[in-house]
Amino acid sequence: MTRLVVVLIVIATLFVVGQLYLRSRRRKAAGLIERLATSLGGSLRGNHIDLLVGSHHVVLDSQVTRDDRPEELRLTLVSNLLGDFRLTEAAGAEYYDDCRFREPAEPGEPFAGWHLHSEVPDQLVALASDGRILRSLEGLAALGFTRIELGNRRLRAHWPDFSRKPDDHDWDARGTDALPERVRGAAEALSELTWAAEAALGSRGSLGRGLRIRVVFTALMLVPILLMVAGLFAIFHLYDAYPILREGRLLALMGLAGSSLALICGAISFVLLRRSIQRGARAVLVGFLSLFGCCLFSGALILWWNGTGPQGPAQAVTVEVVRLQRESALTSFRGRILQELIGEGSPIEEWAASYRAVVPSWHDDSLYGITLSAEDFEALASNGGSLSLTVLPGALGLEWYSQVVVLGRAGP
């Protein structure tokens, strides 16, 4: 007990220290953003600055993205561009995982010196054919914004090694290296890039491979969701048809089978999404959903095969009832609120209740929980007695029972 208290205290302390650290980082960012908003003449909303550049609305913010890229300044512009791409200048490639194992474009190739990633190959070809786009990219990189992304109709420019400390920057409005001037120049370059890219790309981003990748990703997401729904409904039926005596073993098998299948699903997703710009994140998301879906669906398959597969002879067992248990999902705080709304004795309350008789094991000193009907539970609660049931070994070695009968209390 003492060790558990110590562990909880350590966890709580680390959590508080982490929150204080993040709070100090946010405070530094808030001070810099406020000063920057004053210098730029933009509208300040929380930690965001709204800038109007020509006819474009540009949002400036700063965020903590990861430990090796702790501070990042972003310019975001909502555009009519379709598709997804990432362009990362070599100077900023070290801050991004998707560039670490990819070489930048060679001299003489489109976007030489930049790391390229796009779900639509023709998209980059169209961008590289416009000199205005190349000049805008070079201008953004010279101002520190070495990462350009397009996704969900948002064009973003990232300054990955940006410092949130105001004293680390030049604030002299007359200097071209002053932070306000650099941000203003980057916002203008991003606006020019948007105009040029919209003219060069048109509707190309919505065609070809980009659309196919979205279809594949949607299908990969639907499979574990359908498995989850099907497994959930199947378990409700099969658990009543083939109730397991040792539920811990069933959960262990479900976890082992579900984890193995989820890893396979994640690996398949990683292969099928090889041209996706968000390949790793999407594969992890599919694998995470597959963990739940495969666990539930594999649980249904385990119950079905364990109850219907080849197994040894049945055994008739008579046991005394140690105690009775009535459990309901409506006994929680939220459940009691629902009970007040629907009233007591409603069909929902009866459906949410489960009745169990705790009996001694006929193998060792452990106890088993036997599911009962409401009528059998009431009979035992009022008159006492014992249970007679048929026990089968199970095709997978998971003992299960059937034909539960309430016997009267034995005479003196």
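Residues numbered from 1 in each chain as written. Predicted model: local features only at pLDDT ≥ 70, side-chain atom pairs only at ≥ 80, totals over all residues. Heavy atoms only, no water.

**Describing the pattern of salt bridges**
Side chains that differ in sign of charge can pair as their charged atoms come close.
Then comes step 1: For the structure shown, the criterion picks out five salt bridges.
Then comes step 2: The partner of R74 in a salt bridge is D61, with the nearest N and O atoms 2.8 Å apart. Placement of R74 in strand β4 (residues 72-78) and of D61 in strand β3 (residues 56-63) is noted, with a sequence separation of 13 residues between them. D61 matches R74 in its accessibility class, with the two residues each being buried.
Then comes step 3: As a salt-bridge pair, D130 and R132 come within 2.9 Å of each other at their nearest N and O atoms.
Then comes step 4: Sharing partners across several salt bridges, the network here consists of R86, R147 and E149. (Salt bridge = Lys/Arg side-chain N within 4 Å of Asp/Glu carboxyl O. Helix = DSSP H or I, 4+ residues; strand = E, 2+ residues; numbered from the N terminus. Buried < 20%, exposed > 50% of the residue type's maximum accessible area, 1.4 Å probe, protein only.)

**Structural notes on a nonpolar patch on the surface**
Then comes step 1: Together, L222, I225, L226, V229, L232, F233 and F236 line one region of the surface with nonpolar side chains, adding up to about 700 Å² of accessible area.
Then comes step 2: Structurally, L232 can be placed in helix α6 (residues 209-241).
Then comes step 3: For L232, a relative accessible area of 40% corresponds to the partly exposed category. (Patch = residues over 30% accessible without salt bridge, like charges linked within 9 Å, V, L, I, M, F, W, Y side chains within 5 Å. Areas by Shrake-Rupley, 256 points an atom, 1.4 Å probe, with all protein chains shown as cover.)

**As for the pairing of β4**
Then comes step 1: Of all seven residues making up β4, six are buried, and the element is well covered by its neighbours.
Then comes step 2: As paired elements, β4 and strand β8 (residues 154-159) share six bridges and run antiparallel to each other. Each residue of the ladder has a partner; that of L75, found in β8, is A157. (Pairing = 2+ DSSP bridges.)

**A short note on the sheet that holds strand β14 (residues 400-407)**
Then comes step 1: Sheet architecture is open: three strands sit in the order β9-β13-β14, paired in antiparallel fashion. Edge positions in the open sheet fall to β9 (315-320) and β14, since each of these has one partner strand only. Between one strand and the next, the sheet's axes are offset by a mean angle of 25 degrees, whatever the strand orientation.
Then comes step 2: Pairing of strand β13 (residues 386-392) with β14 involves six bridges; the strand directions are antiparallel. Bridge assignment links T390 to a residue of β14, and that residue is S402. (Axes fitted to C-alpha atoms, helices over the stretch in contact; angles between N-to-C directions.)

**As for helix α4 (residues 131-142)**
Then comes step 1: Between the first and last C-alpha of α4 there are 17 Å, a value that for 12 residues agrees with the 16 Å anticipated at 1.5 Å per step.
Then comes step 2: Among all positions in α4, only I133, S136, L137, L140 and A141 are buried. Taken around the axis of α4, the buried residues stretch over an arc of 135 degrees, which confines them to a single face. Turned more than 90 degrees away from the buried face of α4 sit R135, E138 and A142, all of them exposed.
Then comes step 3: The backbone nitrogen of R132 has a side-chain oxygen 2.9 Å away, supplied by the residue at the start of α4, namely D130.
Then comes step 4: Residue G144 follows α4 closely and has a positive phi angle near 105 degrees. (Expected span 1.5 Å × (residues − 1). Arc of directions from axis to C-beta. Polar contact = N/O pair within 3.5 Å; in protein donor to acceptor, adjacent residues only side chain to side chain.)

**With respect to the nonpolar core**
Then comes step 1: Counting residues in hydrophobic clusters, the biggest one holds 45 residues, and the most contacted among them are L36, L75, L140 and I148.
Then comes step 2: With 11 residues, helix α5 (residues 179-201) is the single largest residue contributor to this core.
Then comes step 3: If we ignore the near neighbours within four places in the chain, the residues touching L140 are F145, I148, A157, A186, A189, L190 and L193.
Then comes step 4: The next biggest cluster of nonpolar side chains, apart from the first, holds 16 residues, and it includes V319, Y355, F377 and L380. (Core = buried A, V, L, I, M, F, W, Y, C linked by side-chain atoms within 4.5 Å. Contact = heavy atoms within 4.5 Å.)

**Overview of the packing of aromatic side chains**
Then comes step 1: What the rule picks out here adds up to six aromatic pairs.
Then comes step 2: Taken together, the ring pairs in this structure connect F145, W159 and F162 into an aromatic cluster.
Then comes step 3: Lying over the aromatic face of F217, R282 brings its terminal NZ or CZ to 4.9 Å of the ring centre. (Phe/Tyr/Trp six-rings, centres within 6.5 Å; stacked < 30°, edge-to-face > 60°. Lys NZ or Arg CZ within 6 Å of the ring centre and 35° of its normal.)

**Let's talk about the confidence of the model for the protein chain**
Then comes step 1: Residues at a pLDDT of 70 or more form 81% of the protein chain, whose mean pLDDT is 78.
Then comes step 2: For the protein chain, helix α9 (residues 333-342) is the element with the lowest average pLDDT, namely 48, and β8 is the one with the highest, namely 90.
Then comes step 3: Note on residues 203-208: pLDDT is under 50 here. Beyond four places in sequence and across chains, it has 10 contacts. (pLDDT = per-residue confidence, 0-100.)

**A word on the environment of I213**
Then comes step 1: With respect to the helices and strands, I213 occurs in helix α6.
Then comes step 2: In this structure I213 comes out as buried when scored by relative accessible area, which is 7%.
Then comes step 3: Along the primary structure I213 and R274 are separated by 61 residues, whereas in three dimensions their C-alpha atoms are 9.2 Å apart.

**Quick notes on the pairing of β8**
Then comes step 1: Two elements, strand β7 (residues 147-151) and β8, share five bridges in a ladder whose sense is antiparallel. What sits directly across from L150, in β8, is L155.
Then comes step 2: Adjacent in sequence and paired antiparallel, β7 and β8 are bridged by two residues, among which N152 carries a positive phi angle near 55 degrees.

**Focus: the environment of A353**
Then comes step 1: Summarising the element assignment, A353 is placed in strand β11 (residues 353-360).
Then comes step 2: Separated by 21 residues in sequence, A353 and A374 place their C-alpha atoms 9.0 Å apart.

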